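Secondary and tertiary structure notes
Given next are the chains, with one letter for each unit.
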Amino acid sequence: MKDKKVKAPQQYESYDYEKFSFVGANRELSEHHVTEVMEEITNKDLGDENPVKVDTKFNIMEGQHTAIAYQRLEMPVRYIFTKMTIDDIGRFNMARKTWRLSDVLNHYCVRGFEDYKILFGFYKKYHYPISTLIILLSGEHTKKLYKEFKFGHFKVNQSIAEVQDILDKIAEYKQFGNNVFRHKTFVLTYIDILTHPEFNHDIMVHKTSVVPDRFKEQKTQRDYLLMLEDIYNYNNRNPIKLW
């Protein structure tokens with residue numbers, strides 16, 4: 001069966017760089033990526049095959065790094081008009097897996113999604129991986145969680161005050177191992193331990209200060225439980241069982 005020829009969108013080019021606008025909900029600009037695009041253009045310009053996409057007001061829906069690269073090279077920006085809207089920016093790029101979680105977070109924060117703004121506040125204050133904070137604030141740990149996050153359905157289901165209290169407690173371990181206290185598996189393990197009826201957080205921190213060499217990064221939750229149990233029971237006449 002012979003392939004059907006389809007009509008391609010009209011392509012334009014312009015040296016009027018000022019007429020193009022960047023959309024705040026797009027992913028953050030990366031100077032490194034701009035440099036990479038410039039090198040690719042210099043090596044082989046495929047702008048005809050990969051034009052920048054703009055709406056009727058010349059807001060760049062896709063190709064902001066490419067637009068900047070052409071401007072710096074003093075070459076015309078090749079572009080086409082698209083039906084994409086601000087709602088499509090995140091979905092389009094996330095479907096192609098080009099966006100990091102930080103790009104997604106920025107996208108929905110700029111658009112005013114309150115739950116994402118709360119998450120951003122925690123990210124700025126505690127500097128934990130976004131993936132860890134998504135779990136803590138949503139109270140979920142499922143396969144569909146990150147997909148829902150990417151498509152704007154993330155919800156803060158946990159008490160903000162309680163999550164802050166937990167993270168403040170865990171932050172006390174920073175002095176013993178920066179990699180450990182930020183490790184997602186450690187964080188989730190410690191949250192479980194805090195519900196143990198015989199466990200005392202202050203005792204755990206004190207014991208860790210006594211034998212800090214035992215506080216090491218582990219691979220699994222079981223390994224962390226065994227490590228914490230070993231530290232907690234150091235010189236303890238009434239050892240507890242965490243695992």
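Structure shown above.
Attention here is on the structure that accompanies the text. Keep in mind it's a predicted model, so treat the numbers as computed, not measured.

All right, on to the side chain of Asn233 then. Among the secondary structure elements, Asn233 is positioned in the segment after α12 (221-232). Using a relative accessible area of 17% as the deciding quantity, one classes Asn233 as buried. Here Asn233 is in contact with Lys207, Pro239 and Ile240, once residues within four sequence places are set aside.

The next subject is the packing of aromatic side chains. What the rule picks out here adds up to 25 aromatic pairs. Arranged with centres 5.5 Å apart and planes meeting at 70 degrees, the rings of Tyr116 and Phe154 form a pair that is edge-to-face. Note that Tyr116 is positioned in helix α5 (residues 114-126) and Phe154 in the loop between α7 (145-150) and α8 (160-171), a separation of 38 residues in sequence. Taken individually, Tyr116 and Phe154 each receive the classification buried, so the pair is uniform in this respect. These aromatic residues form a ring-pair network of at least three members: Tyr173, Phe176, Phe186, Tyr190, Phe199, Phe215, Tyr224 and Tyr232.

With that settled, consider the environment of Gln164. Along the chain, Gln164 falls in helix α8. Setting aside its immediate chain neighbours within four residues, Gln164 contacts Phe122, Lys125 and Tyr126.

We now examine the pattern of salt bridges. Pairing is possible between side chains of opposite charge, provided their charged atoms come close. Scanning all chains against the criterion turns up 10 salt bridges. For Glu31, the salt bridge is made with Arg72, and the minimal N-O distance between the two is 2.5 Å. Of this pair, Glu31 sits in helix α1 (residues 31-43) while Arg72 is found in helix α2 (residues 64-72), placing the two residues 41 residues apart along the sequence. In this structure, Asp45 and Arg78 form a salt bridge, with 2.9 Å as the shortest nitrogen-oxygen distance. Note that Asp45 is positioned in the loop between α1 and β3 (52-54) and Arg78 in strand β5 (residues 77-81), a separation of 33 residues in sequence. Among the residues examined, Arg78 registers a relative accessible area of 15% and is labelled buried.

What counts and what doesn't
- Residues numbered from 1 in each chain as written.
- Predicted model: local features only at pLDDT ≥ 70, side-chain atom pairs only at ≥ 80, totals over all residues.
- Heavy atoms only, no water.
- Helix = DSSP H or I, 4+ residues; strand = E, 2+ residues; numbered from the N terminus.
- Buried < 20%, exposed > 50% of the residue type's maximum accessible area, 1.4 Å probe, protein only.
- Contact = heavy atoms within 4.5 Å.
- Phe/Tyr/Trp six-rings, centres within 6.5 Å; stacked < 30°, edge-to-face > 60°.
- Salt bridge = Lys/Arg side-chain N within 4 Å of Asp/Glu carboxyl O.

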